[in-house]
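Descriptive structure summary
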Amino acid sequence: MLEIRNLHASVEGKEILRGVNLTIGDGEVHVLMGPNGSGKSTLSHVLVGNPKYEVTEGSITFNGKDLLSLSPEDRAHEGIFMSFQAPIEIPGVSMTNFMRAALNAKRKYFGQEPIGAGEFLKLLKEKRQLVGLDAHFMSRGVNEGFSGGERKRNEIFQMAVLQPLFSILDETDSGLDVDALRIVAEGFNMLRTPQTSAMVITHYQRMLDYLKPDFVHVLVKGRVVKEGDASLGYAIEERGFDWIREEVEE
Amino acid sequence: MSSLQQYLDLYAAQGETLCGASCGAMNAAREAALAGLQQHGLPTSRNERYKYTDVEAALAPDYGLNLRRTLPAVDPYKEYRCAVPHLSTSLYFVVNDVPYTVQTPTAPLPEGVLVQPLSQADPALVAAYYNREAGRKYDGVTALNTLLAQDGLLVYLPAGTVLSNPIQIVNVAAARADLMVNRRLLIVAEEGAQGVILLCEHADGQSRTLATQVTEIFVGEGANIQVNAVEETTEQHTALDNVYVHQAAASHVSYNGVTLTCGQTRHRLDFRLDGKGADMVARGVVVADGQQRVDNSLVVDHAAPSCTSDMLYKYVLDGHSVGAFAGLVLVEKGAQKSLSQQTNANICAAPTARAFSQPMLEIYADDVKCNHGSTIGKLDESALFYMRQRGIPEREARLILQQAFVGDVLRHIELERLRERLAHLVEMRFRGELSACAGCKMCR
């Protein structure tokens, strides 16, 4: 599904990614771990085409397409979704209108008619219930006055509505209490299919327990320095990152 | 020769003709206006309230006046469409500066309510109010209007009357040659009267037009008046619009001004809260691009205790447009328990657009609560990216964010149908589908 080759990227002239290689196949869940500042969020933002980040070298292929040549919106239409670490508040734009605009833009991209009003409301209701968001959130501005936990649930709700092929969860678990984390993780698991994949950035074992990832990658100083299965994640939870740093230096 | 001189010369030559078409109260005010103009002249950029509008340049073209009081040979009721869907109004037209009286509106007025040309109204009633508020302090534009205006409209709501339908007044500037129009509007709402007034400003754009308009609104004790002013003119049109509002005790006024398209516009809005517990709200939306210039200059004078004022103005400026906002809240000595809130926010959608914002407070009482603030910035880039990540194309995302920005002002408009209509017009404007005055046959 996704192939990242020798990816270098910088933000405000400072190089953050220094040759990332990563392959993610259909139906796989990959967890990305690494100390603060290692480039996890940068990699996420580069994948979704945030104009603040500049790719200086390397390539990203997504289902055979050159991802770097696509605009952020076309990447979204092609099936890439990011759950933001800090979801943005958009006062005055209701969740309903926001989701309708997003959904219809995707349908237009694939030459489909806009979604009917009844069908749309039914879809919102179904997906809301999946993550336990009350109906009144739909008439509020996007993330306007949402608590930290509500914002994260809202990200998974949007993911459920847009049904992406590849999802990036950038610390979606941070700031959630145990119940909210369970709801979010279970919601995410329900959306999994043999065709959909995900890259999950997390620091917590609990998330590993819920997601049961196929692979764990460790990013240090802008490079993937260690890869393994879920057991690598538990090892980091127990021992921290220093032993990996030492291994790399050797 | 200054721009003013040509109008003074014109008055010297045609003053008699001009006075011939007008009522006594209008003629009686001319002498003082002339003396003021001779002594003080037109405002220059040194005048704080005219810093961003060059009146001298605006008046420089050799505009003609409609001395013959002719009307274009069209029936505005048939040719003109400025309707708000599902909103029934008592509709009146002023074509250039001539009130159109060939026909009366479909929705009848309640007993005692008058909408009449000043030239045909009760002279004593007009004389009791005309120029009373506008003439208090010298303003060059008001003085020029007072000198040259030939007619205008009176809207009179006797004590206790409640308008069932809004009164809609549509001003049209339509001329084949460069034309200056000088209009007056006198709104008198006596004690306890209630009503909504809708003012629509249009221009046909065939040639250059300049409209000076002086509006005086007298709001009696406990009266409640809403004014909604919508401007949809062309790049060929200049508007110099001075509004004076006098409020008695416990009266309420809300004034919503929406500038959708224009050439150059300056609104002066002066509110005098002259009785205990008077309350005013002024809100504005400005959408400008190209070479358009929009300048709103407000003064709210808290002259009595326990009055409240609330101002919210939002501008979205694109292209090479210039937007200016100045708001002064003056709390006079003794105006204790004054409450005031003033906000101006601007988005410059292009780096070539310019915004000037100047909220001011002048307070001479010690038990008051006054807030003011202003912002000038770009659209929120992180919100824009968030929307694009969800698949909303950049252009659409910008549009949605701009609409939400001004929607924050429009949502306060009390009249639901009008609120919906304006939201629709603003959306069309942002989409570029409302380039100039698309509403009617006459303007097309």
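Conventions used here
Residues numbered from 1 in each chain as written. Chains lettered and ligands numbered in written order. Predicted model: local features only at pLDDT ≥ 70, side-chain atom pairs only at ≥ 80, totals over all residues. Heavy atoms only, no water. Helix = DSSP H or I, 4+ residues; strand = E, 2+ residues; numbered from the N terminus. Buried < 20%, exposed > 50% of the residue type's maximum accessible area, 1.4 Å probe, protein only. Areas by Shrake-Rupley, 256 points an atom, 1.4 Å probe, with all protein chains shown as cover. Lys, Arg positive; Asp, Glu negative; His and termini not counted. Charge placed at Lys NZ, Arg CZ, Asp CG, Glu CD. Pairing = 2+ DSSP bridges. Contact = heavy atoms within 4.5 Å. Axes fitted to C-alpha atoms, helices over the stretch in contact; angles between N-to-C directions. Core = buried A, V, L, I, M, F, W, Y, C linked by side-chain atoms within 4.5 Å. Buried area = accessible area lost by both parts, 1.4 Å probe. Salt bridge = Lys/Arg side-chain N within 4 Å of Asp/Glu carboxyl O. Polar contact = N/O pair within 3.5 Å; in protein donor to acceptor, adjacent residues only side chain to side chain. Nonpolar A, V, L, I, M, F, W, Y, C, P; charged D, E, K, R; others polar. Parallel < 35°, antiparallel > 145°, perpendicular 65-115°, else oblique. Left-handed = near helix turned anticlockwise from the far one by under 90°. Phe/Tyr/Trp six-rings, centres within 6.5 Å; stacked < 30°, edge-to-face > 60°. Expected span 1.5 Å × (residues − 1).

Attention now moves to the overall build of chain A. The secondary structure content of chain A amounts to nine helices and 12 strands. Per-residue burial for chain A yields a buried fraction of 53% across its 250 residues. On chain A, roughly 11100 Å² of surface is accessible, and the fraction owed to carbon and sulfur atoms is 46%. If you average the places of the 28 positive and of the 36 negative side-chain charges in chain A, the two averages end up 5 Å apart.

Moving on to the sheet that holds strand E2 (residues 90-95) of chain B. Residues and elements named next belong to chain B. Sheet architecture is open: 10 strands sit in the order E3-E2-E6-E8-E10-E12-E14-E16-E18-E20, paired in mixed fashion. In this open sheet, the two strands that pair with only one neighbour each are strand E3 (98-99) and strand E20 (369-377). Each of strand E8 (194-203), strand E10 (224-232), strand E12 (252-261), strand E14 (279-288) and strand E16 (308-317) is contacted by helix H10 (residues 416-431), which is oriented at about 25° to E12, the strand it contacts most.

With that settled, the discussion passes to the nonpolar core. One recurring pattern in soluble globular proteins is that nonpolar side chains are buried together. Core analysis: the biggest nonpolar cluster contains 122 residues, and Leu-43, Leu-47, Phe-98 and Phe-166 of chain A have the highest contact counts within it. Broken down by element, this core gets its largest block of residues, nine residues, from helix H9 (residues 394-410) of chain B. With 53 residues, the next largest nonpolar core counts Val-94, Ala-288, Val-329 and Cys-370 of chain B among its residues.

A few words on the sheet that holds strand E3 (residues 29-33) of chain A. Residue and element names in this part refer to chain A. In spatial order, the strands read E6-E9-E10-E3-E11-E12; together these six strands make up an open sheet with mixed pairing. Here the strands that pair on one side only, and so sit at the sheet edges, are strand E6 (80-83) and strand E12 (223-228). Taking each pair of neighbouring strands and ignoring which way they run, the sheet shows an average axis angle of 20°. As defined by bridge partners, E3 adjoins strand E10 (residues 197-201) across four bridges and the pair is classed as parallel. Bridging across to E10, Val-29 finds its partner in Ala-198. Packing against the sheet, helix H5 (residues 148-162) makes contact with E6 and strand E9 (166-170), and its axis sits at approximately 165° to E6.

A few words now on the interface of chain A and chain B. Opposite the 29 residues of chain A that make contact, chain B presents 15 residues. Contact between chain A and chain B buries roughly 1800 Å² in total, counting both sides, with carbon and sulfur atoms accounting for 70%. Area buried by chain A at its contact with chain B is led by Glu-73, Phe-84 and Ile-88 of chain A, which between them contribute 28% of it. Where chain A meets chain B, there are two salt bridges. For Arg-388 of chain B, the salt bridge goes to Glu-73 of chain A, with nearest N and O atoms at 2.6 Å. Between chain A and chain B we count 11 residue pairs in polar contact (both at pLDDT 80 or more) in total. Elements represented by at least two residues in the side of chain A that touches chain B include exactly helix H1 (40-48), helix H2 (72-78), E6, strand E7 (90-94), helix H3 (95-109) and H5 of chain A. Here the side of chain A that touches chain B is composed, by residue class, of 19 nonpolar, eight polar and two charged.

The subject of this paragraph is the pairing of E3 of chain A. Burial runs high along E3 of chain A: five of the five residues are buried. Residues of E3 of chain A alternate between two faces, with Val-29, Val-31 and Met-33 of chain A on one and His-30 and Leu-32 of chain A on the opposite face, all of them buried.

Glycine aside, negative phi is the norm for most residues, and most peptide bonds take the trans geometry. Notably, Lys-212 of chain A is not glycine yet its phi reads approximately 45°, a positive angle. Among the structural elements, Lys-212 of chain A can be located in the loop between helix H7 (205-211) and strand E11 (215-220). For Lys-212 of chain A, a relative accessible area of 59% gives the class exposed. In the Ramachandran plot, Ala-250 of chain B falls in the positive-phi region, its phi being about 55° despite a non-glycine side chain.

So, on to the side chain of Arg-390 of chain B. Within the secondary structure, Arg-390 of chain B sits in the loop between helix H8 (381-389) and H9. Polar side-chain contacts of Arg-390 of chain B include one of 2.7 Å to the side chain of Glu-155 of chain A. With sequence-adjacent residues up to four places away left out, Arg-390 of chain B is seen in contact with Ala-76, Phe-81, Met-82, Phe-84, Phe-98, Ala-102, Glu-155, Gln-158 and Leu-162 of chain A.

So, on to the packing of helix H4 (residues 117-131) of chain A against H5 of chain A. Residue and element names in this part refer to chain A. In contact at an axis separation of 9 Å, H4 and H5 are set at 135° when each is read in the N-to-C sense. Compared by their axis directions, H4 and H5 come out oblique. As H4 runs across H5, the sense of the crossing is right-handed. Facing H4, whose interface residues are Leu-123, Leu-124, Lys-127, Arg-128, Leu-130 and Val-131, H5 presents Arg-153, Ile-156, Phe-157, Ala-160 and Val-161.

What follows covers the pattern of salt bridges. Evaluated as defined, the whole model comprises 28 salt bridges over all chains. Between Asp-408 of chain B and Lys-314 of chain B there is a salt bridge, and its shortest N-O distance comes to 2.9 Å. Pair noted here: Asp-408 of chain B is in helix H9 and Lys-314 of chain B is in strand E16, with a separation of 94 residues, a long-range link. In this structure Asp-408 of chain B comes out as partly exposed when scored by relative accessible area, which is 25%. What emerges from the salt-bridge pattern is a single network uniting Glu-73 of chain A together with Arg-388, Glu-394 and Arg-398 of chain B.

With that settled, the discussion passes to the packing of aromatic side chains. Aromatic rings considered in pairs are described by the distance between their centres and by the relative angle of their planes. This structure, assessed with the given rule, holds nine aromatic pairs over all chains. Their ring planes at 75° and their centres at 4.9 Å tell us that Phe-84 of chain A and Tyr-386 of chain B sit as a pair that is edge-to-face. Of the two residues, Phe-84 of chain A sits in the loop between E6 and E7 while Tyr-386 of chain B sits in helix H8, which places them in two different chains. The buried category is assigned to Tyr-386 of chain B, whose relative accessible area is 0%. Centroid distance Phe-137 of chain A to Phe-146 of chain A: 4.8 Å. Interplanar angle 65°. Geometry classified as edge-to-face. Just as Phe-137 of chain A is buried, Phe-146 of chain A falls in that class too.

Let us look at the pairing of strand E11 (residues 237-247) of chain B. All names here are of chain B. Where burial is concerned, most of E11 is hidden: 11 out of the 11 residues are buried. Across the two faces of E11 the burial is the same, with His-237, Ala-239, Asp-241, Val-243, Val-245 and Gln-247 and Thr-238, Leu-240, Asn-242, Tyr-244 and His-246 all buried. With 11 bridges connecting them, strand E9 (residues 209-219) and E11 associate as parallel partners. Note that in E11 the partner of Leu-210 across the bridge is Thr-238. Bridge count for E11 against strand E13 (residues 264-273) is 10 bridges, and the pairing is parallel. Across the sheet, residue Asn-242 finds its bridge partner in E13, namely Arg-268.

We now examine H9 of chain B. End to end, H9 of chain B covers 24 Å across 17 residues, agreeing with the expected 24 Å (1.5 Å per residue, within 8%). Taken residue by residue, H9 of chain B has Ala-397, Leu-399, Ile-400, Leu-401, Gln-402, Ala-404, Phe-405, Val-406, Val-409 and Leu-410 of chain B as its buried positions.

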